[in-house]
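A look at the structure
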Amino acid sequence: MRVAVAGCCHGELDKIYETLALAERRGPGPIDLLLCCGDFQAVRNEADLRCMAVPPKYRHMQTFYRYYSGEKKAPVLTIFIGGNHEASNHLQELPYGGWVAPNIYYLGLAGVVKYRGVRIGGISGIFKSHDYRKGHFECPPYNAATIRSIYHVRNIEVYKLKQLKQPMDIFLSHDWPRSIYHYGNKKQLLKTKSFFRQEVENNTLGSPAASELLEHLKPTYWFSAHLHVKFAALMQHQTMDKGQSTRATKFLALDKCLPHRDFLQVIEVEHDPSAPDYLEYDAEWLTILRATNDLINVTERLWNMPENNGLHTRWDYSATKEAINEVLEKLNHDLKVPNNFSITAACYDPSKPQTQMQLVHRINPQTTEFCAQLGITDINVRLQKAKEDQHLCGDYEGQDDVEGNDSGEEPSEYNTDTSALSSINPDEIMLDEEEEYDDSIVSAQSDLNIPSVELSSEQASDFSASFSDIRILPSSMTVSSDDTSGSPVCKEGNSGDPVDLGDGKDLTTVPLKRLSDEHEPEQRKKIKRRNQAIYAAVDDNDTA
């Protein structure tokens, strides 16, 4: 099965699908599935634009609304997770996942599905320690703080994913798992993004929660975006039992959808030929959702997940065979995801702009149907009741020039301190001249001791060459051949033997070509750019 993976989409669906069409014409066959690693921007109208945590000058309608309205249809099944620049009010309607348009499926706050027998999981948002232990208390209209906190990862989603026991084929996250950069060509990464050096050396770049999931799930593939750079790594997981076979995760981060950028990759993934060619729910995941339903928290109160410390009557919510069978009975043994997309908000009309469109906290019929079928609670129903009873949600929208007023760091299960890091990223468009819109993760050594084998820089020499088979773009999106050459890394860390991608093919260096008659312009327009301390400590604003 040919699977395409995209980095930060930024609403550029037309360009992404155009690129896929060209790849199909020039490649060995059709693309079966598209996976998007966040910043998807499923913007339906002007109200959705106001829910994106970016300054007004970067709020562009892009092209998603055409797929939402039915004017266009996605040519390939598309599955995506949320990032930190999203129409948060739209995605909030689907906390357990659902269709945002025909053939375009959102995985939810966290989710697991199957397609052609391939198990695909993901978690939306980015990590921020002071929101990590809060409940999902935000709802529209958002204020200057909640427009950012809405997309911060919460411990409940990580806890649910850690209940999974069955093997994972592919996992998606927006921000990188912390420490993953030690398992690839770190030297090349720092050559490309020198402003990451201090965070890499201090082991503070990336999400500790995602790192925890990486060690628990040990998926075959892990795809990320967020940092706007292509980077590949091979992480070998140590086995606890001698009888277990060694497992390895092939990690790949991709850039954003822009000309001359590595935003797309096509890989061959083994699948079950007898499995149905439609999207399916995952029975184990549904069982875990049902088991953890009572753990829903819609308050801003900090809380910890149940653990075996003598304070909780239950701490293991993993799925038993009996519980899975019970869920299958409730679904009549039909795991097919229903094609029940429906329009829940007015669609943007270029001929009739509505700048004052009212922002409403909606209950999506897809979520209502899903919750009723599974016997679980719609978070948004609980939120609306809480809002009526206790007025928990913000009562005003963020101003045009959104200013962050996030609270200071709260105690977290991750060791942190407040030493400052300031990584200026000249590659990123400056979001605002006066405010920094960056996610902050305070500098400290992570307390996550990942028992994995680290590759030396020589062994990891340009592992990204193994993910270089597709950079085929239409003429408007041509990229340059700037990947360095090198030998792929083998599973045992030796450079002599190639790594098997899982499709029977070796990871070999693929020569890259500019597939266009267009030439690189001698001078590019200079744009003032910065990334304003990605994962910096001093500021509590979000970026990338």
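Above this note sits the structure.
Overview of the structure. (Residues numbered from 1 in each chain as written. Predicted model: local features only at pLDDT ≥ 70, side-chain atom pairs only at ≥ 80, totals over all residues. Heavy atoms only, no water.)

Attention now goes to the environment of Met61. Inspection of the secondary structure assignment puts Met61 in the loop between α2 (46-49) and α3 (64-69). When the C-alpha atoms of Met61 and Ala42 are compared, they prove to be 9.3 Å apart, with 19 residues separating the residues in sequence. Not counting residues within four places of it along the chain, the set of residues in contact with Met61 comprises Val43, Asn45, Glu46, Leu49 and Tyr348. (Helix = DSSP H or I, 4+ residues; strand = E, 2+ residues; numbered from the N terminus. Contact = heavy atoms within 4.5 Å.)

Before going further, it helps to examine the packing of aromatic side chains. Enumeration according to the criterion identifies 18 aromatic pairs in this entry. In this structure, Lys250 is placed above the aromatic ring of Tyr221, and the distance from its NZ or CZ to the ring centre is 5.5 Å. (Phe/Tyr/Trp six-rings, centres within 6.5 Å; stacked < 30°, edge-to-face > 60°. Lys NZ or Arg CZ within 6 Å of the ring centre and 35° of its normal.)

Counting along an α-helix, one turn takes 3.6 residues, and residues three or four places apart therefore face a common direction. Counting buried positions along helix α10 (residues 208-217) gives 9 out of 10 residues, so the element sits mostly inside the fold. The N-cap of α10, judged by a side-chain oxygen 3.3 Å from the amide nitrogen of Ala209 a few residues on, is Ser207. At the C-terminal side of α10, Lys218 shows a positive phi close to 50°. (Buried < 20%, exposed > 50% of the residue type's maximum accessible area, 1.4 Å probe, protein only. Polar contact = N/O pair within 3.5 Å; in protein donor to acceptor, adjacent residues only side chain to side chain.)

Following the criterion strictly, the structure yields 18 salt bridges and no others. Here Glu93 ties to Arg44 by a salt bridge, and the two come within 3.0 Å at their closest N and O atoms. One end of the pair, Glu93, is in the loop between α4 (88-92) and β4 (98-101); the other, Arg44, is in the loop between β2 (33-36) and α2, with 49 residues separating them in the sequence. Across the pair, Arg44 and Glu93 agree in class, each one buried. (Salt bridge = Lys/Arg side-chain N within 4 Å of Asp/Glu carboxyl O.)

Before going further, it helps to spend a moment on the pairing of strand β11 (residues 247-253). Of all 7 residues in β11, 5 are buried; the element is thus mostly enclosed. In terms of strand pairing, strand β10 (residues 231-237) meets β11 through 7 bridges, oriented antiparallel. What sits directly across from Leu234, in β11, is Lys250. (Pairing = 2+ DSSP bridges.)

The next point concerns empty space enclosed by the protein. Per the stated rule, a full pass over the model turns up 8 cavities of 30 Å³ or more. Taken as a whole, the largest cavity encloses approximately 290 Å³ of empty space. Lining the largest cavity are 23 residues; nearest its centre among them are Gln92, Tyr106, Leu109, Ile150 and Tyr151. Of the residues contributing to the lining of the largest cavity, the split by class is 10 nonpolar, 9 polar and 4 charged. In this structure, the second largest cavity encloses a volume near 100 Å³. Forming the boundary of the second largest cavity are 14 residues, of which Gly97, Tyr281, Asn340, Gln366 and Phe370 lie nearest the centre. Among the secondary structure elements, those contributing two or more residues to the lining of the second largest cavity are β4 and α13 (365-374). The element that contributes the greatest number of residues to the lining of the second largest cavity is α13, accounting for 5 residues. When the residues that make up the lining of the second largest cavity are grouped by side-chain class, the tally is 7 nonpolar, 6 polar and 1 charged. (1 Å grid on protein atoms, 1.4 Å probe; cavity = no way out; pocket = protein on both sides within 12 Å on 5 of 7 lines; lining within 4 Å. Points joined across faces, edges and corners; volume = space filled by probe spheres on them. Nonpolar A, V, L, I, M, F, W, Y, C, P; charged D, E, K, R; others polar.)

Further remarks concern unusual backbone geometry. Residue Pro141 is bonded to the preceding Pro140 through a cis peptide linkage, with omega at 0°. Positionally, Pro141 belongs in the loop between α5 (129-132) and α6 (146-149). Non-glycine residue Arg116 carries a positive phi angle of around 55°. Unlike most non-glycine residues, Asn332 shows phi in positive territory, near 55°. Within the secondary structure, Asn332 sits in the loop between α12 (321-330) and α13. By relative accessible area, which is 66% here, Asn332 ends up exposed.

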